[in-house]
Amino acid sequence: MLRSSHALLASLAVALPTAISAATQQSFKGEYTVSVHGFSVAKASFSSSYEGDTYSIEGSVSSAGLATIFDDTRGTVSSKGKILGKQLQPQAFRADYKSGDKASMIDIQFANGTVTATKVVPAPKKRNSKKWIPLATSHLASVLDPMAATVIHADSLDKVCGRTVKLYDGEMRADLRLTYESKGSTSVRGYNGNTVTCRLDFEPVAGYRKNRKSLDYLRKRSRIMVTFAPVGQTGVYAPIHATVGTKIGTLTVSAERFEATE
């Protein structure tokens, strides 16, 4: 299954525009490139549809450039749910991917914002209770899947940061704390305008191994910055650029396309 640190990066890469409420169907398209030291290592393309108080997102992700030499990974992801006021409430999330000859799957089901079932293939190995922080029922209430976790509902750019997002990736529960960093502007296909950048602090909560080096690095040493842009006049803000400090260098996620298609 996705490693916890990879799930965080994936969640940044698959953010898609979302509409708070739509009387008629609205569709959006997002295309992202992930790079390290200027070299492309992954690409993602997603289409989303919003009608009334429901949303659905489907997409594909794949290794790119030099990364395919070491780890040729390809997969599809989907997420659907309801839009209640200014909150997304997931109903289902699924990720199917293949790395080399190894196929994996994550399926998460929700009811009223709470996780009701999680299926992972291949099944996780038995955990050492002395080294593992287990999930409790309380950890799975009012959480968002990796797609929904990256979408922010706010009244303005000034109010995007200053919040904590509860992420569940099928194994780990983590808090993503956003604090204001700066304002700016950007231009990509489909969008030209103002942005706001938040610093993201990553804090694992449960469903992970104690003293895991990759998580300790993300929590204590990594500098994670996420830049949000507004999606039309919907009152929704989605990542258009992000940087994540890793042991091998800074990983950059950049939108090449960020636009409404209908």
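How each quantity is defined
Residues numbered from 1 in each chain as written. Predicted model: local features only at pLDDT ≥ 70, side-chain atom pairs only at ≥ 80, totals over all residues. Heavy atoms only, no water. 1 Å grid on protein atoms, 1.4 Å probe; cavity = no way out; pocket = protein on both sides within 12 Å on 5 of 7 lines; lining within 4 Å. Points joined across faces, edges and corners; volume = space filled by probe spheres on them. Nonpolar A, V, L, I, M, F, W, Y, C, P; charged D, E, K, R; others polar. Phe/Tyr/Trp six-rings, centres within 6.5 Å; stacked < 30°, edge-to-face > 60°. Lys NZ or Arg CZ within 6 Å of the ring centre and 35° of its normal. Core = buried A, V, L, I, M, F, W, Y, C linked by side-chain atoms within 4.5 Å. Buried < 20%, exposed > 50% of the residue type's maximum accessible area, 1.4 Å probe, protein only. Helix = DSSP H or I, 4+ residues; strand = E, 2+ residues; numbered from the N terminus. Contact = heavy atoms within 4.5 Å. Pairing = 2+ DSSP bridges. Disulfide = S-S within 2.5 Å. Polar contact = N/O pair within 3.5 Å; in protein donor to acceptor, adjacent residues only side chain to side chain. Salt bridge = Lys/Arg side-chain N within 4 Å of Asp/Glu carboxyl O. pLDDT = per-residue confidence, 0-100. Lys, Arg positive; Asp, Glu negative; His and termini not counted.

Structural notes on the layout of surface pockets
Volume-wise, the second largest pocket comes out at about 340 Å³. Taken together, 18 residues form the lining of the second largest pocket, with Gln87, Leu88, Ser142, Leu144 and Val165 sitting closest to its centre. The class makeup of the residues in the lining of the second largest pocket is 8 nonpolar, 7 polar and 3 charged.

A closer look at the packing of aromatic side chains
One pass over the full model with this rule turns up 1 aromatic pair. For Arg127, the ring lying beneath its charged end belongs to Trp132, and the centroid distance is 4.1 Å.

Observations regarding the nonpolar core
One finds Ile152, Val160, Phe202, Phe228 and Phe258 to be the most contacted residues of the largest nonpolar core, which totals 63 residues. In terms of residues, this core owes the most to one element, strand β15 (residues 236-246), which gives 6 residues. Residue contacts for Ile152: discarding those within four places in its chain leaves Val160, Arg163, Val165, Leu178, Phe228, Gly235, Val236 and Tyr237.

Quick look at the pairing of strand β11 (residues 173-188)
In the sheet, strand β10 (residues 163-168) pairs with β11 via 6 bridges, with the strands oriented antiparallel. When the sheet's bridge partners are listed, Arg163 is paired in β11 with Leu178. Between β10 and β11, which follow one another and run antiparallel, lie 4 residues, and Gly170 among them has a positive phi close to 105 degrees. Of the strand pairs in this sheet, β11 and strand β12 (residues 191-206) are connected by 15 bridges, and their pairing is antiparallel. Each residue of the ladder has a partner; that of Asp175, found in β12, is Glu203. Hairpin connection, β11 to β12: the antiparallel pair is bridged by 2 residues, and Gly190 has positive phi, about 100 degrees.

What to know about the state of the cysteines
Within the structure shown, the criterion is met by 1 disulfide. Bridging Cys161 to Cys198, the disulfide has an S-S length of 1.9 Å. Between Cys161 and Cys198 the sulfur-sulfur dihedral comes to about -85 degrees; the bridge is accordingly left-handed. With a gap of 37 residues between them, Cys161 in the loop between β9 (152-153) and β10 and Cys198 in strand β12 connect regions that are remote in the sequence.

Re the environment of Glu259
Positionally, Glu259 belongs in strand β16 (residues 249-260). For Glu259 and Glu31, which are 228 residues apart along the polypeptide, the C-alpha to C-alpha distance reads 9.5 Å. In this structure Glu259 touches Phe28, Lys29, Arg189 and Gly190, once residues within four positions along its chain are discounted. Within polar-contact distance, the side chain of Glu259 engages the side chain of Arg257 at 2.6 Å.

Re the pairing of strand β7 (residues 114-121)
The pairing of strand β6 (residues 102-111) with β7 spans 7 bridges and is classified as antiparallel. Bridge pairing links Met105 to Val121 in β7. Linking β6 to β7, which pair antiparallel, is a turn of 2 residues; within it Asn112 sits at a positive phi near 55 degrees.

What about the pattern of salt bridges?
A side chain of one charge can pair with a side chain of the opposite charge if their charged atoms are brought near each other. By the definition in use, this model includes 13 salt bridges. Close ionic contact of Arg199 with Asp201 constitutes a salt bridge, the shortest N to O distance being 3.5 Å. Judged by its relative accessible area of 30%, Asp201 is partly exposed.

Brief notes about the confidence of the model for the chain
When pLDDT is averaged across the chain, the result is 85; 87% of the residues are at 70 or more. Across residues 1-7 the pLDDT falls below 50, and counting only partners more than four positions away or on other chains, this stretch makes 21 contacts in the model.

A few points about the side chain of Asp169
In this structure, Asp169 sits in the loop between β10 and β11. Arg212 provides the closest opposite charge to the buried, unpaired Asp169, separated from it by 8.0 Å. Of the polar contacts made by the side chain of Asp169, one reaches the backbone nitrogen of Met172; its length is 2.7 Å.

Quick word on the environment of Ile57
Inspection of the secondary structure assignment puts Ile57 in strand β3 (residues 54-63). Here Ile57 falls in the buried class, since its relative accessible area comes to 5%. Between the C-alpha atoms of Ile57 and Ser79, which are 22 residues apart in sequence, the distance is 5.2 Å.

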